[in-house]
Amino acid sequence: MRPSSDLIRLALPFVALGALLGGVFWLQPRAMSYTGLNLLFNLAVPIALATLAQMFIIAVNDLDLSMGAFVGFAACVTATFLNETPWLGGLILLASVAVYAALGVVIHLRRLPAIVVTLGMSFVWLGLAVMILPAPGGAAPGWLRTLMTVRPPGIPMALAASLLIALAAHLVVARSALGVVIRGVGGNERSVARAGWSVLHARAAAYALAGLFGVLSGMALVGLTTSADANIALRYTLLSIAGVILGGGEFVGGRVSAVGAVAGALTLALAGSFLSFLRLSPDWQIGAQGAILILVLALRLGLDAIEQRRARA
Amino acid sequence: MTVLRKPWAWAWIATIVVYAITIAATAGASAAGLAQAAFTFAAFGVIVGLGQMFVITLGPGNVDLSIPATMTLAGTLSLKLMNGADAMVLPGLTLALAIGTGVGLLNYGLIKVLRIPPIIATLALSFIVQSAAIWTNRGLRIKPPESLAAFSTGTLLGIPNLAIIAGLLTVVAWVLLERSIWGRRVTAIGQSLPAARRAGVAVDGVRLSAYVLCAMLAGLCGFLLACFSGGAALNMGAEYLLISIAVVVIGGSSVAGGNSNVPGIWGAALFLFLVVSMLNTYGFGAGPRMILTGIIIIAVILAASLRGRGTEGG
Amino acid sequence: MIPHMRDMSPLLSVSDARLRFGEVTALDGVSLALHPGECLGLVGHNGAGKSTLVNVLNGSLSPHAGRVIADGHAGRWDVTTARALGLRCVFQELSLCPNLTVAENARILHRGHFGPRWRAEARRLAREALDAVFPGHGIDVQAQVASLALAQRQMVEIALAFAEAGRPARLVILDEPTSSLDAGVAGQLLAHIRRFVAGGGTVVLISHILSEVLATATRIVVMKDGRVVADRPADSFTQAGLVAAMGSTARERRRPGRNGLSGPVTPLVVQEMARGLPVRVAAGEVVGLSGLAGHGQTEMLRALHDRLAPGWIAGRRPKVAYVAGDRRHDGILPLWSIRRNLTISALASLARRGLVDERAEAAIAEHWRARIGIRSPDLGLPILSLSGGNQQKVLFARALLAEAPLVLMDDPLRGVDVGTKQEIYDIIRAEAAAGRAFVWYSTEIEEMELCDRVYVFREGAAVAELTGDRISEAAILAASFAGPDTEAAA
Amino acid sequence: DTSDKRIALSNNYAGNSWRQAMLTSWETVTRPAVEAGIVAAADAFTTGENSATEQAAQIQNLILQGYDAIVLNAASPTALNGAVKEACDAGIIVVSFDGIVTEPCAWRIAVDFREMGRVQVEYLAGRLPEGGNLLEIRGLAGVFVDDEISAGIHEGVEQFPQFTIAGSVHGDWAQDVAQRAVAGILPSLPEIVGVVTQGGDGYGAAQAFAAAGRPMPIIIMGNRQDELQWWKEQKDANGYETMSVSIAPGVSTLAFWVAQQILDGREVPKDLVVPFLTITQDTLEASLETTPVGGVANVEYTLEDAVAVIQGAN
Ligand SMILES: Nc1ncnc2c1ncn2[C@@H]1O[C@H](COP(=O)(O)OP(=O)(O)OP(=O)(O)O)[C@@H](O)[C@H]1O
Ligand SMILES: Nc1ncnc2c1ncn2[C@@H]1O[C@H](COP(=O)(O)OP(=O)(O)OP(=O)(O)O)[C@@H](O)[C@H]1O
Ligand SMILES: [Mg+2]
Ligand SMILES: [Mg+2]
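Rules used in this analysis
- Sequence positions are assigned chain by chain, starting from 1 and proceeding in written order.
- Here every chain gets a letter starting at A, and every ligand a number starting at 1, in the order they are written.
- Where local features are concerned, this predicted model is filtered to residues with pLDDT of at least 70; where side-chain atom pairs are given and counted, the filter is 80 or more; whole-chain, interface and lining totals use all residues.
- Only hydrogens and water are set aside when side-chain values are computed; all heavy atoms of the structure are taken into account.
- UniProt positions are given in the numbering used here, feature names are shortened, and annotations may be inferred rather than shown by experiment.
- For helices the rule is a DSSP run of H or I covering at least 4 residues; for strands it is a run of E covering at least 2, with both sets numbered from the N terminus onward.
- Both definitions apply: the radius of gyration is a C-alpha atom measure, and the globule rule equals 2.2 Å times residues to the power 0.38.
- With a 1.4 Å probe rolled over the protein chains alone, any residue whose accessible area is under 20% of its type maximum counts as buried; one over 50% counts as exposed, and the rest are partly exposed.
- Residue contacts are counted whenever heavy atoms from the two residues lie within 4.5 Å of one another.
- In this description, accessible areas are obtained by the Shrake-Rupley approach with a 1.4 Å probe, and a residue is regarded as covered only by the protein chains that are shown.
- Charge assignment: positive for Lys and Arg, negative for Asp and Glu; neither His nor the chain ends contribute.
- The atom standing in for a charge is NZ when the residue is Lys, CZ when it is Arg, CG when it is Asp and CD when it is Glu.
- Any two cysteine sulfur atoms lying within 2.5 Å of each other are counted as a disulfide.
- To get an axis, fit a line to the C-alpha atoms, keeping to the stretch in contact for a helix; angles then go from 0 to 180 degrees between the N-to-C directions.
- In this scheme, roughly parallel covers angles under 35 degrees and roughly antiparallel covers those over 145, while 65 to 115 is roughly perpendicular and the rest are oblique.
- Here a crossing is taken to be left-handed if its near helix is turned anticlockwise relative to the far helix by less than a right angle, and right-handed if that turn runs clockwise.
- Each residue is assigned to one of three groups, with Ala, Val, Leu, Ile, Met, Phe, Trp, Tyr, Cys and Pro labelled nonpolar, Asp, Glu, Lys and Arg labelled charged, and all others, Gly among them, labelled polar.
- A pair of strands counts as paired when DSSP detects no fewer than two bridges linking them.
- A right-handed crossover is one whose linking path, passing over the helix from the first strand to the second, runs clockwise when the strands point away from the viewer.
- Distances are taken per atom, and a residue is near a molecule or strand as soon as one of its heavy atoms is within 4 Å of it.
- Polar contact is the term for a pair of N or O atoms within 3.5 Å; when the atoms are in protein, one must be able to donate a hydrogen and the other to accept it, and sequence-neighboring residues count only if both atoms are side-chain atoms.
- Buried area: the accessible area, evaluated with a 1.4 Å probe, that two parts lose upon being put together, summed over both parts.
- Any carboxyl oxygen of Asp or Glu that lies within 4 Å of a side-chain nitrogen of Lys or Arg is treated as forming a salt bridge with it.

Naming follows an unreviewed UniProt entry, where chain C appears as Monosaccharide ABC transporter ATP-binding protein of Rubellimicrobium thermophilum DSM 16684.

Looking up chain B in an unreviewed UniProt entry gives the name Monosaccharide ABC transporter membrane protein, with the organism given as Rubellimicrobium thermophilum DSM 16684. Per UniProt, the comment on chain B under Subcellular location (unreviewed entry) is "Cell membrane".

Next up, the structure:
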């Protein structure tokens with residue numbers, strides 16, 4: 001029975017995504033086009049990357065409260081240093097990935113609660129971002145802008161990018177030995193250590209991957225918005241956590257799914273759009289976001305019911 | 001030094017150090033004023049922190065993100081109900097607590113009935129509650145009754161009234177957590193929900209009551225904050241999301257649940273206020289100030305880990 | 001044992017190992033040598049130090065005094081060098097990653113073995129390993145471990161320990177491997193151990209089921225209070241002699257003056273199931289659940305508990321108590337002391353105006369420590385400082401403490417030593433005589449003879465009901481395997 | 001003729017009284033306009049949190065919905081440029097106000113925030129020729145408006161060197177945050193003669209000064225009704241004098257008319273400037289009368305006002 005409930009967890013974001021997309025198409029048939037899909041989804045690409053970053057942290061039973069601030073920092077660096085002096089910008093971004101890995105090391109060695117450390121780091125990243133860009137500004141490097149606005153034939157960039165990202169992350173998480181060890185650490189750290197693996201390395205790698213995807217998220221964001229500000233991505237902390245959970249992940253136990261996380265991120269992004277097509281009173285537009293989130297997750301109940309009926313039959 | 005092994009010790013040490021550094025800037029002239037301000041503002045953090053602590057104690061993934069919205073709705077609606085009339089203070093307070101109760105019930109309803117993970121359930125509900133707060137009076141600030149405004153900004157024997165209220169609540173929370181059966185049950189659930197269930201704990205009842213208690217404290221905090229700052233504002237709870245979580249975890253409670261402590265909440269709430277005051281006092285700009293805040297938080301947690309944290313026996 | 005083996009140099013030996021945990025002396029001068037081609041049976045009461053010795057042998061604990069000599073060299077001894085020697089360990093507490101598939105766990109456990117296309121290799125390895133030890137196991141190697149029953153998880157772990165992954169296994173240490181296996185699967189394992197030993201491998205087998213040890217081991221070492229008290233070839237022991245060496249006395253197991261309640265009694269509860277017979281329990285009855293492991297007994301107990309235990313408001317008097325089988329998952333509360341673990345189920349009766357009366361709590365905890373023999377110098381110590389069997393005793397005591405009229409027991413004596421088992425049988429008997437009802441699932445068929453009524457489970461349903469003198473190993477086995485016609489047995 | 005044109009308001013935040021007043025003004029002015037058939041629709045859209053990315057997504061949705069013009073209060077002057085460019089490319093008129101965007105294809109109805117900061121110091125120089133210590137309350141770090149006003153204040157201090165900024169805190173444009181920050185830094189500050197602010201934080205500052213028992217400095221107010229009310233009480237009690245300055249929320253209605261005019265084919269320069277709304281000692285009572293309790297002092301614009309503004313710019 002369990003494997004099929006796993007399947008349900010995986011199916012949930014796709015069902016939700018499909019339902020929302022259906023709703024959007026029904027409200028606004030114009031969205032059912034190449035340009036329409038691109039407009040609907042292109043801002044979901046950075047969210048998907050941030051969600052994957054968060055997923056690596058959740059895979060080792062930690063939680064990153066600094067993800068939004070970090071993506072904002074990466075965006076500020078991209079819009080300034082990477083644009084003006086690419087080598088320096090690249091170096092800073094690499095260093096920030098290294099900082100992430102170092103955080104993993106410190107958290108592991110000192111057995112610190114990751115939530116507190118990342119809470120502290122959220123101030124650090126935000127402070128750095130404010131120092132780089134005291135007022136919004138900067139500009140996206142040309143190549144990045146080109147990359148994020150490219151119009152591949154047949155499939156909108158946003159969807160193609162999401163697919164590619166999901167696939168790449170899936171290979172790392174589910175197919176590679178590293179991914180297995182990272183999830184193993186989330187599932188049962190002691191037994192991984194007893195089998196002779198270095199849990200330290202595994203955790204550092206998970207954090208480094210999170211840092212990498214966080215940087216990519218910041219870069220993708222700047223590519224879309226053409227410039228940055230320090231507060232640009234603060235929402236991503238909660239969005240990324242919600243995306244991982246929506247995508248079938250769990251807070252403890254190393255149960256995560258890369259494909260699910262990307263689908264979860266797309267769902268969350270689409271939920272916002274769906275609302276603006278509904279033309280609610282501004283008073284309730286915020287509340288409706290909550291209602292959609294609840295509805296999407298309540299789908300799980302329906303799926304469970306179907307599953308149970310099938311199991312009984 | 002056994003006190004150093006207490007999980008809450010480091011929040012207090014950090015508070016004292018930061019306090020000393022801040023008053024050093026004025027050669028001690030500001031000592032009393034700063035302490036009074038710190039206790040006043042820490043009180044709000046403590047009140048929401050106590051509630052958040054019980055929820056976090058319930059185990060991994062349990063956290064209440066609806067605190068800010070609950071504060072806002074409770075503050076807005078109760079001030080609207082009182083409409084500045086001293087006679088309406090009690091109904092106003094009752095309404096604030098009732099709103100908290102309602103939000104808590106809904107939170108757990110979503111968690112239990114729809115099986116939504118708490119972090120998302122409370123986040124989603126908070127959007128709805130926030131909308132309700134906007135809808136009720138579109139952000140118009142209504143003044144609190146004179147008597148309440150005077151009470152919430154007043155002091156007793158030099159101690160801010162709010163700090164006294166928060167202090168009393170702290171004592172109650174300590175008794176609940178450390179001495180009551182309910183606290184035992186919350187802590188048991190936080191270590192292992194299935195084990196607690198098989199040991200006969202009525203897990204739904206206990207979890208529900210923790211969420212309701214948390215939301216009620218948020219409602220109370222919103223009520224007091226609105227009275228204190230001269231009216232409810234739509235964004236008045238925003239800061240308290242991070243603060244409520246931070247005071248719990250910096251105060252030495254385990255984020256994985258099942259192991260919490262009350263004294264650390266005061267230490268951490270004072271610390272969070274004083275650290276900003278210290279950096280403001282020394283004239284740091286926004287960027288460096290935030291960076292230093294973050295580094296200091298990490299340093300505190302690191303120092304605590306280097307000295308080794310004792311486990312709470314029992 | 002083959003006579004010339006004494007002359008061969010030992011594969012691994014410890015000499016005069018001493019280890020203390022605070023006030024507890026877990027090992028008090030243990031010397032032991034392991035030779036190729038032998039199966040060493042290691043027995044002893046709960047908390048005798050067996051698991052600790054295992055941890056010394058496998059390099060995860062270093063003794064405070066004494067040393068470990070591997071292949072004749074006394075060098076550094078840690079987990080890595082132990083693995084390099086070909087040492088494999090199956091721990092008392094399951095140690096797979098529950099979120100990974102069986103194949104992925106194989107990847108984790110055999111670190112250096114796999115190439116870049118490891119997924120297919122790991123699947124093959126896991127499948128072959130399971131087939132070798134447990135033919136007809138029916139376990140999907142691509143299933144998540146969490147989706148497997150406890151017994152299946154244990155089977156996976158054992159099979160993977162014996163697996164040939166590059167470096168062959170030379171020494172396999174099994175700490176209570178059969179505690180959650182039923183007799184048939186346990187038999188498969190014991191047969192495999194014999195084959196492995198015959199091929200020159202070494203096995204250390206720890207078990208509280210003495211018949212297994214007697215039948216499988218070539219040599220038996222008895223531990224008591226951190227010391228080796230006997231070390232002789234297996235054939236020089238008898239069951240009674242072994243029990244005596246452990247410091248207990250064997251007693252007649254069969255319940256005297258059994259309630260022959262086969263007639264129409266008013267049941268305390270009836271649990272109807274989708275198929276098969278309803279399970280009836282009357283006050284003062286001990287009802288056994290038997291059959292092969294994983295055939296719905298645990299699920300039935302859980303369903304019954306879910307039905308009777310309050311979810312929202314706990315009354316003062318609990319209606320039902322539960323002894324968990326999977327103690328790591330739904331038994332112990334790992335951050336708490338032994339005392340708090342004991343009293344959690346009885347808080348309502350220990351409280352005054354909602355506050356816990358800590359004196360009364362300490363008193364009742366002490367009472368049960370004495371009654372059930374929990375080996376610990378201080379009940380304020382963390383629960384995890386207890387040996388596995390002693391943790392189980394705490395869970396058992398917790399359920400009795402609740403003063404519920406009905407006690408559900410999911411293989412409650414898993415890992416409990418023979419001496420203690422006798423005491424617990426006495427307690428169950430006394431409590432049943434005082435009017436409590438017990439529903440008792442056990443993987444050990446012999447224990448069913450202590451019951452008033454036994455339901456045999458097959459494929460998720462109770463297929464036979466045996467009462468009184470009809471309860472026998474033969475009848476239970478017959479019902480476990482036979483077709484539905486035995487349903488009329490009641 | 002714009003009777004078949006549809007205009008959308010894209011707003012990034014609704015969590016304070018200023019934004020609520022802005023939305024209310026939009027509603028009161030556009031509804032009659034729609035009823036009179038001047039435009040076909042004028043819908044308001046608001047995102048949950050103050051987030052540029054969400055607003056960018058919102059603009060993209062408005063493009064999909066085929067609006068003819070988008071009136072925009074932007075979360076960031078630059079981060080929406082990508083979305084704004086896409087709107088322009090789709091032939092949509094984009095008019096930004098308050099939070100303006102730098103994308104050249106959009107229109108801007110700007111307030112000279114720098115000047116708004118500078119006049120505060122100028123006013124103080126007039127009142128306190130001998131100068132003294134100032135406390136600066138800033139807004140939200142990293143946001144354009146905060147940076148601009150602060151820069152203006154610092155220009156003012158350069159111009160009037162008798163003033164020094166003795167302390168600077170971030171009040172996030174929220175009463176309670178400002179109160180908290182000021183209370184934290186106040187004990188360590190020397191005597192303060194004036195408080196320069198950004199709006200929405202003056203009352204909190206006054207509360208903090210009162211609580212600390214410090215002499216009340218000249219606090220520049222930000223047009224909120226509770227600030228004006230407090231000022232009036234002080235004025236009646238002890239002749240307290242100050243000024244109040246902020247941008248009027250009704251500027252959204254100006255942006256609406258400008259968008260309508262552009263759709264109507266009128267030539268409108270890309271950059272329009274609106275004056276900020278200043279309240280002085282003399283206009284205090286009048287303003288207080290027209291400002292709803294708990295709201296913000298406001299002016300709403302008519303079509304004629306808009307035409308006048310456009311002609312003025314031309
Ligand atoms: N980490 C620890 N801290 C404190 N005491 C410990 C610890 N580990 C083991 N002990 C104690 O050491 C003694 C030996 O324990 P061990 O686990 O070796 O027993 P065992 O023989 O394996 O028992 P069982 O048959 O119940 O598994 C016990 O008294 C136990 O309480
Ligand atoms: N976190 C812990 N703190 C204290 N003691 C522990 C802890 N974890 C395990 N122990 C002790 O170590 C011993 C071994 O524990 P456990 O059974 O979990 O380990 P194992 O190595 O997987 O299996 P085995 O019981 O066979 O040694 C037990 O006696 C247990 O009491
Ligand atoms: Mg053991
Ligand atoms: Mg053990």
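Having seen the model, we can carry on.
Novice: Explain the overall build of chain C residue by residue, including any values.
Specialist: Along the backbone of chain C there are 16 helices and 19 strands. Taking 490 residues into account, the globule formula puts the C-alpha radius of gyration at 23 Å, and chain C, at 23 Å, falls close to it. Each principal axis of the C-alpha atoms in chain C carries an extent, and together these give about 65 × 55 × 45 Å. When burial is assessed residue by residue, chain C has 58% of its 490 residues classed as buried. Of the contacts made within chain C by residues no fewer than 6 positions apart, 69% connect residues no fewer than 24 positions apart. Total accessible area on chain C stands at roughly 18800 Å², and carbon and sulfur atoms take up 52% of it. Between the averaged position of the 55 positive side-chain charges in chain C and that of its 52 negative side-chain charges there is a distance of 4 Å.

Novice: Could you give an account of the state of the cysteines, with specific residues and numbers?
Specialist: Residues and elements named next belong to chain D. In the structure shown here, the tally under the stated rule is 1 disulfide over all chains. Disulfide partner of Cys88: Cys105, at an S-S distance of 2.0 Å. Here the S-S torsion is close to 75°, and the disulfide linking Cys88 with Cys105 is therefore right-handed. Of this pair, Cys88 sits in helix α3 (residues 81-89) while Cys105 sits in the loop between β4 (93-97) and β5 (107-111), placing them 17 residues apart in sequence. A relative accessible area of 18% places Cys88 in the buried class.

Novice: Please give an account of the packing of helix α3 (residues 67-82) of chain B against helix α5 (residues 118-137) of chain B that cites residues and values.
Specialist: Residues and elements named next belong to chain B. For the pair α3 and α5, interaxial distance at closest approach is 8 Å and the crossing angle is 25°. As judged from the angle between their axes, α3 and α5 are roughly parallel. The handedness of the crossing between α3 and α5 is left-handed. Across from Ala69, Thr70, Thr72, Leu73, Thr76, Leu77 and Lys80 in α3, the residues of α5 making contact are Ser126, Val129, Gln130, Ala132, Ala133, Thr136 and Asn137. Classifying every residue of the contact of α3 with α5 by side-chain character gives 6 nonpolar, 7 polar and 1 charged.

Novice: Kindly report on the pairing of strand β7 (residues 163-170) of chain D, identifying the contributing residues and their values.
Specialist: Residues and elements named next belong to chain D. As defined by bridge partners, strand β6 (residues 132-138) adjoins β7 across 7 bridges and the pair is classed as parallel. In the strand pairing of β7, Arg138 is matched with His170. Regarding the hand of the β-α-β motif, the stretch spanning β6, helix α5 (residues 144-159) and β7 is right-handed.

Novice: Tell me about the site of ligand 1, residues and numbers included.
Specialist: Residues and elements named next belong to chain C. Close to ligand 1 lie 20 residues; Lys50, Ser51, Thr52, Ser385 and Gly389 are nearest. Side-chain polar atom of Ser387 to an oxygen atom of ligand 1: 2.7 Å apart, as the coordinates give it. Its free accessible area being 630 Å², ligand 1 has 85% of it covered by the protein chains. Elements that contribute at least two residues to the shell around ligand 1 include exactly β2 (24-34), α1 (50-57) and α14 (388-401). Classifying every residue of the shell around ligand 1 by side-chain character gives 5 nonpolar, 13 polar and 2 charged.

Novice: Summarise the packing of helix α10 (residues 177-194) of chain A against helix α3 (residues 102-109) of chain C; cite the residues concerned and give the values.
Specialist: Two packed helices can be described by the angle between their axes and the distance between those axes. Contact geometry for α10(A) and α3(C): axes closest at 10 Å, N-to-C directions at 80°. Taken together, the axes of α10(A) and α3(C) lie roughly perpendicular to each other. Listed contacts from α3(C) to A:Ala177, A:Val180, A:Val181, A:Arg183, A:Gly184 and A:Val192 of α10(A) are C:Glu104, C:Arg107 and C:Ile108.

Novice: Explain the interface of chain A and chain D to me, and be specific about the residues and the numbers.
Specialist: In this assembly, 36 residues from chain A lie in contact with 36 residues from chain D. Each partner contributes to the roughly 2900 Å² buried at the junction of chain A and chain D, and carbon and sulfur atoms together form 54% of this total. Among the residues of chain A in contact with chain D, A:Leu39, A:Arg235 and A:Arg279 are the three that bury the most area, contributing 20% of the side total. Where chain A packs against chain D, one counts 1 salt bridge. Where chain A packs against chain D, one counts 10 residue pairs in polar contact (both at pLDDT 80 or more).

Novice: Explain the pattern of salt bridges residue by residue, including any values.
Specialist: Residue and element names in this part refer to chain D. Summed over the entire model, instances satisfying the criterion amount to 45 salt bridges over all chains. Notably, a salt bridge pairs Arg114 with Glu155, separated by 2.7 Å at the nearest N-O pair. Taken together, the residues Arg114 in helix α4 (residues 113-127) and Glu155 in helix α5 connect sequence positions 41 residues apart. With its nearest N and O atoms 3.0 Å apart, the salt bridge here joins Arg138 to Asp146. Look at Asp146 and you get buried, because its relative accessible area is 1%.

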